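# Reading the structure
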Amino acid sequence: MIAAQDRKLALSNIGVAYTAFLLGTLCGLLQVFIRNDAIQLPAWLDYYQILTAHGVLLALIFTTFFIFGFFVTGMSKSLGNFGPKVRLVSWIGFWVTVIGTVLATAMIVSGEASVLYTFYAPLKASGWYYVGLALFVVGTWISSFALVSHYMVWRKTNKGQLSPLFAFMTITTIILWLIACLGVVATVLFQYIPWTFGWVDTIDVELSRSLFWYFGHPLVYFWLLPAYMAWYVIVPKLVGTTVFSDSLARLSFVLFILFSIPVGFHHQLTEPGISNFWKFLQVMLTFMVIIPSLMTAFSMFATFETAGRKNGGKGLFGWFTKLPWKDIRFTSIFVAMAFFIPGGAGGIINASFQLNEVVHNTLWVVGHFHITVGTPVAMTFMGLTFWLIPYLTGRKFTKAMQKLGFVQIVTWSVGMLMMSTAQHVLGLLGAPRRTAFSSYNNHASTLEWFDGIISSHVTMAIGGSILFLSAMLLIYIVVMTMFLSPKAVKEKDMVEFPMAESGKASTPKFLENWWIWIGIAFALIFIAYAIPLGDMIQHAPPGAEGLKTW
Amino acid sequence: MHFHKYEKIWLVFGIVALTIFLGVVGVSAFSHDHTPAGGMHTIDPKKVNETAPFDKPGVTQLDDDTYQVAIVAMAFGYTTPEKLRVPAGKEIVFHVTSSDVVHSFTIDNTKVNMMAVPGQITMKSYTFTEPGKYLILCNEYCGTGHHMMFNEIEVY
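### What about the interface of chain B and chain A?
Listed per partner, the contact involves 54 residues of chain B and 57 residues of chain A. Counting only elements with at least two residues in the side of chain B that touches chain A, the list comes to α1 (5-30), β7 (113-116) and β9 (132-137) of chain B.

Here is the structure:
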């Protein structure tokens with residue numbers, strides 16, 4: 001069991017995460033019904049306001065706070081309890097992030113920031129929205145530095161040794177996050193804040209978009225890597241084996257530092273200001289992440305087969321039936337992985353240069369991120385929640401809760417399958433994303449889109465309702481395991497942190513030489529961005545004035 | 001670093017597939033001109049209405065086989081003087097910009113899906129094969145009336 005103070009820190013992070021989850025999923029429920037034309041919002045509430053809240057609360061706040069809760073617990077578990085300084089800095093980071101969150105959320109609620117979580121200029125929200133976002137990022141940086149210094153203390157006292165896999169992966173994710181945030185910090189600090197507070201009159205829109213997407217794509221890997229950590233480090237323990245290959249796990253993680261950042265242009269393929277050469281170069285770099293993804297897929301199935309055979313699985317596929325399917329901690333994460341197969345394939349389609357025109361800004365994209373961040377990542381976090389909270393509170397994860405966990409995972413899967421399939425199909429037909437209910441004056445094309453059994457607002461709304469039900473079950477489980485379940489007194493009731501053994505004997509030392517990876521990462525960023533961004537700044541058009549169009 | 005034999009096969013297969021795939025995308029892009037909407041021309045977003053070709057938005061015939069369509073996207077519509085009508089089987093070059101916030105100019109059932117960014121001009125060349133009435137819509141959030149932002153183009 002880790003120190004009580006570290007547990008409190010982790011629980012506070014998880015508490016904020018699930019508060020955001022509760023509010024964010026409620027917004028999601030309202031959205032599917034508005035798009036179904038089933039409800040009309042009161043005049044003081046706008047569809048796009050709810051959409052902004054949904055995106056910010058779930059994609060940014062829920063993920064980030066949960067990730068830090070997970071990191072704090074795992075770092076304390078694998079490297080030892082935090083020292084007083086690390087703990088203090090972590091708390092400062094936590095509070096700065098919370099203040100940023102509250103400020104940004106208050107602006108959204110008051111209707112001053114219906115600009116969605118991508119806040120594309122020259123839509124002009126209240127300056128305090130951008131200040132809130134900046135504080136949020138700075139807060140995560142402070143928390144990150146606390147974790148990095150905890151790691152450095154360990155490295156100093158364990159000279160020449162490779163760090164435990166969990167710590168290695170945490171540091172990888174943090175390095176990725178710090179480099180990624182440079183883009184959004186640059187645009188918010190030097191473009192948005194001076195402009196919204198009236199110190200300058202105009203903003204260079206294309207530059208702000210490019211800096212945003214420099215951040216926006218690695219952001220999705222910041223969500224994904226902690227899920228991958230669970231897959232690499234937690235899952236082998238749950239199925240009763242060790243990490244398949246320590247060195248390959250580390251290699252795949254450092255490859256993500258290299259190939260998830262210099263790729264933001266693939267979100268800007270249908271826009272002007274970037275020449276085809278640079279768009280295509282970043283498309284190629286985007287596809288390099290397929291390599292560590294294939295390595296991860298191989299490791300996962302190798303882990304499953306090893307464990308299944310150890311448990312007596314025979315024949316080509318007999319091992320599959322010998323996996324611990326009755327263990328919700330495992331089954332939830334397995335389902336999450338399964339969703340990532342179509343999710344990843346859809347990602348390849350989106351980034352395929354000219355093919356992007358078919359799906360760009362359609363509902364397809366919404367379907368895509370609901371089966372990437374919305375299920376593989378979110379459901380992995382749910383699978384972690386089942387044991388992480390009882391582990392931290394010292395309560396039981398009772399039989400009743402385990403059964404409820406199954407119901408929660410099944411409902412989330414069914415709801416998501418319905419909703420995301422509807423969204424994918426509607427997107428292919430041409431229905432736009434980020435759009436309130438509209439039949440475009442009953443245009444024939446529009447009526448055609450929604451005419452199917454799958455491609456209808458009804459399917460999307462049923463899916464969304466099931467998802468909301470599932471979300472509320474999860475909130476119930478969270479509240480129970482956090483405050484109400486009976487305390488675990490007996491040894492057998494204690495919930496463990498399942499961390500698998502990872503043999504480091506043959507792992508090459510250079511994998512943990514961070515300067516190599518940071519150096520290559522910056523070199524790739526320079527190659528991919530220096531010339532096109534330089535051109536953009538040099539040949540900038542007169543800036544655009546801000547507008548509040550909501 | 002040790003790679004399992006099967007893992008080597010798996011990764012080699014994956015990397016070869018990836019290379020072929022990128023080759024196909026790249027050749028199609030640069031030798032057959034299958035590139036997404038784009039363009040490097042800039043414009044003063046405050047002077048859109050006095051800058052060619054947006055001072056006379058709409059359809060202009062350039063020569064026997066080419067037509068130009070200039071569109072200004074704005075909250076919440078597209079400035080076109082009359083109904084948009086273009087012939088099938090001819091090359092249509094769309095020029096799109098925005099006079100306020102970011103929008104899109106997207107024609108349903110086609111590959112015309114262009115971002116309209118203030119300060120920039122987006123271009124896309126497209127040849128319609130089927131006559132008909134096509135829905136034009138904005139698929140980038142632009143404000144309260146975003147879902148009311150649409151138009152129609154008739155192909156004859």
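Now that the structure is up, let's keep going.
### Thoughts on the sheet that holds β9 of chain B
Neighbouring strands of a sheet are bound in pairs by backbone hydrogen bonds; such pairs are parallel or else antiparallel. Residue and element names in this part refer to chain B. Spatially, five strands are ordered β4-β10-β9-β6-β7 in an open sheet, and the strand pairing comes out mixed. On the outer flanks of this sheet lie β4 (84-86) and β7, each paired with one strand and no other. When the angles between neighbouring strand axes are averaged without regard to direction, this sheet yields 25°. With six bridges connecting them, β9 and strand β10 (residues 150-155) associate as antiparallel partners. Looking at the pairing, Y134 lines up with I153 of β10.

### Details of the packing of helix α6 (residues 205-238) of chain A against helix α17 (residues 514-538) of chain A
Packed helices, taken two at a time, are described by their axes: the angle between them and the distance between them. Residues and elements named next belong to chain A. Close contact between α6 and α17 brings their axes to 9 Å; oriented N to C, the two are set at 155°. With respect to α17, the element α6 is oriented roughly antiparallel. Crossing hand, α6 versus α17: left-handed. Between α6 and α17, the contacting residues are E206, L207, S210 and Y214 on the first element and Y529, L533, M536 and I537 on the second. Across the contact of α6 with α17, the residue classes tally to six nonpolar, one polar and one charged.

### Here's the deal with the domain arrangement of chain B
Many analyses report the size of an interface as the accessible area lost when the parts associate. Per the domain assignment, the segments making up chain B are domain 1 (1-35) and domain 2 (45-155). Averaged C-alpha coordinates put domain 1 of chain B and domain 2 of chain B at centres separated by 36 Å.

### Some words on helix α10 (residues 328-350) of chain A
Given a rise of 1.5 Å per residue, 23 residues ought to cover 33 Å, and the 33 Å separating the end C-alpha atoms of α10 of chain A matches this to within 8%. Within α10 of chain A, the axis deviates most sharply at I341 of chain A, by approximately 30°, and proline P342 of chain A lies no more than four positions further along.

### Some remarks on the environment of H370 of chain A
Residue and element names in this part refer to chain A. Structurally, the position occupied by H370 is in helix α12 (residues 363-370). Sequence spacing of H370 and K509 is 139 residues, and the spatial spacing of their C-alpha atoms is 38 Å. When residues no more than four places from it in sequence are discounted, the contact partners of H370 are T375, M416, M419, S420 and Q423.

### With respect to helix α7 (residues 246-259) of chain A
Residue and element names in this part refer to chain A. The terminal C-alpha atoms of α7 lie 20 Å apart, and with 14 residues this matches the ideal 20 Å at 1.5 Å per residue to within 8%. With twelve of 14 residues buried, α7 lies mostly within the body of the structure. Every buried residue belonging to α7 is among D246, S247, L248, A249, R250, S252, F253, V254, F256, I257, L258 and F259, and all of these are buried. Those residues of α7 that are buried are in contact with α5 (165-196), α6, α8 (276-287), α9 (290-310) and α17.

### What about unusual backbone geometry?
Following A52 of chain B, the chain continues into P53 of chain B via a peptide bond in cis, with omega recorded as 0°. One can find P53 of chain B in the loop between α1 and β1 (58-63). With an omega of 0°, the peptide bond between A75 of chain B and F76 of chain B qualifies as cis. Mapping F76 of chain B onto the fold places it in the loop between β2 (66-74) and β3 (77-79). Of note in this structure, N361 of chain A is not a glycine but carries a positive phi near 60°. Inspection of the secondary structure puts N361 of chain A in the loop between α11 (356-359) and α12. Taking the C-beta count within 10 Å as the criterion, N361 of chain A has 22 such neighbours and is therefore assigned buried. Of note in the backbone geometry, N441 of chain A takes a positive phi value of approximately 60° without being a glycine. Checked against the element boundaries, N441 of chain A lands in the loop between α14 (399-429) and α15 (444-449).

What counts as what
Residues numbered from 1 in each chain as written. Chains lettered and ligands numbered in written order. Predicted model: local features only at pLDDT ≥ 70, side-chain atom pairs only at ≥ 80, totals over all residues. Contact = placed C-beta atoms within 7 Å. Helix = DSSP H or I, 4+ residues; strand = E, 2+ residues; numbered from the N terminus. Pairing = 2+ DSSP bridges. Axes fitted to C-alpha atoms, helices over the stretch in contact; angles between N-to-C directions. Parallel < 35°, antiparallel > 145°, perpendicular 65-115°, else oblique. Left-handed = near helix turned anticlockwise from the far one by under 90°. Nonpolar A, V, L, I, M, F, W, Y, C, P; charged D, E, K, R; others polar. Domains from an automatic or database assignment. Expected span 1.5 Å × (residues − 1). Bend = angle between axes of the 7 residues up to and from the residue. Buried ≥ 20, exposed ≤ 12 C-beta atoms within 10 Å, placed from the backbone.

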